[in-house]
Amino acid sequence: MPSLTVPPVPHYPIAPPTKEHLAYADLSVIDLAKAGDAEGRAELAAQVCAAMQTHGFFYVINHGYTPEQTARMFDIADIPFSCVTPEDKHIYTAKMKEVGSYQGYKPRQYWFVFDPIFSYLGFTRTANIVNRDVTKRQHPEAVRPFLPEIEAFARHTHFNVLQPVLRLLAIGLGLPEDELVDLHGFSSVGETYDRILTLNSYPRSQDDEAKTKNVWLKGHTDFGTITVLYSQPVAALQILGRDGKWLWVKHIENALVINTGDAMELLSGGYYKGTIHRVVQPPVDQQHLTRLGLFYFAMTDDAVKLAPLAHSPVLQQVGIERRCADENAPTMEAWRRARTSAYGQSELKAKEGGAVEEEVINGVLVKHYN
């Protein structure tokens, strides 16, 4: 029988929430406890569609993890930063520019903006990982005892969070409930992967803040389908409202923050738009703290062509917004590799007086927001 004992891990202290009065976005709260029957899913799908038409973000509660389980995962998420030597971090540096893969650590100052991070982006499904077997590739020694828990976390997030959300989005498009689920195979063979990402942001000097105008990661859209963020209390995430103003995302204990990315926008013909967000310097009472993030970035299987699901009765009624001709739509693999290689490395063309910067990747216009 497998052991019921888990290895000890240093506790990552959770910061107190900010006391600053911030302009928070009024995000919908989706209670997955209601998703157990068709009537509940129909109700939630209407809420999700409304959320997608406003902020493009929403919270998820009752996702199946207790606060204690979530806290344990944050403890584990800190291991790649606090328990791995600089020498090992160098060994496991990601080859982002060379092969378009986030696997491994991102060196500091790799991105033109967002230089306070040295991120471990591991535990991903690649050609060497089947059924999320995280032992199929090498990881830093300090991380290895926790691989079974990391794999269990991946399974939980995929089946108990991602799949229910995909079903709600499919219902919103008038599609069979499992149509989007079937595009996100957990055990697909090949380069396809979802990413579990732990991200640690460190306080910066006043000079560094001035250079980037307190922006740590400029406004952007994610390139996958769905992003799952496990809520944490250090405020820094902002979303761009329809009125052009940036709003803060408030921490809710043990909630998840969900948003859609470019791949979902392409598949949904613009019905679910990739949502614009950025990361900024935390408020004054939290500026001395590190900010540990725990994410799950979902993508379709690599072979999926990111063309609109034109048979959707909803799209046939409201119309399709195409970002490229259907015959030129990239596959998920081509889109993933191109976006990964280009991000933070390519030269952007300023538009709208410098408020927006643009680039074309695989025939698709990509915008970044200053």
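Above this text sits the structure in question.
Right, let's walk through the structure included here. (Residues numbered from 1 in each chain as written. Predicted model: local features only at pLDDT ≥ 70, side-chain atom pairs only at ≥ 80, totals over all residues. Heavy atoms only, no water.)

Focus on the pairing of strand E2 (residues 57–61)
Stated formally: Burial classes: relative accessible area under 20% of the type maximum marks a residue as buried, over 50% as exposed, and values in between as partly exposed (1.4 Å probe, protein chains only). A run of DSSP states H or I qualifies as a helix once it reaches four residues; a run of E qualifies as a strand once it reaches two. Both are numbered from the N-terminal end. When DSSP finds two or more bridges between two strands, those strands count as paired. Assignment of crossover handedness uses the view with strands pointing away from the viewer, where a clockwise path from the first strand over the helix to the second indicates a right-handed crossover.
Counted residue by residue, E2 has 4 buried out of 5 residues, so it is predominantly covered. Across 4 bridges, strand E1 (residues 28–31) lies against E2 in parallel orientation. Note that in E2 the partner of Ser 28 across the bridge is Phe 58. A crossover connection joins E1 to the parallel E2 through helix H1 (residues 38–53); in handedness this β-α-β unit is right-handed. Across 4 bridges, E2 lies against strand E10 (residues 256–260) in antiparallel orientation. Along E10, the bridge assignment pairs Tyr 59 with Val 257.

Describing helix H2 (residues 67–82)
To keep it simple, the criterion reads: Working rule for helices: expected span equals 1.5 Å times residues minus one.
Here H2 contains 16 residues, and its C-alpha end-to-end distance of 22 Å stays within 8% of the 22 Å for a straight helix at 1.5 Å per residue. Thr 70, Arg 72, Met 73, Phe 74, Asp 75, Ile 76, Ala 77, Asp 78, Ile 79, Pro 80 and Phe 81 are the residues of H2 that are buried.

Description of the pairing of strand E8 (residues 237–240)
Inspection of the sheet shows E8 paired to strand E11 (residues 277–280) by 3 bridges, in the antiparallel sense. Across the sheet, residue Ile 239 finds its bridge partner in E11, namely His 277. By the bridge criterion, 3 bridges tie E8 to strand E9 (residues 246–248) in an arrangement that is antiparallel. Each bridged residue has a counterpart across the sheet, and for Ile 239 the counterpart in E9 is Leu 247. Count of turn residues in the E8/E9 antiparallel hairpin: 5 residues, of which Gly 244 carries a positive phi of about 85°.

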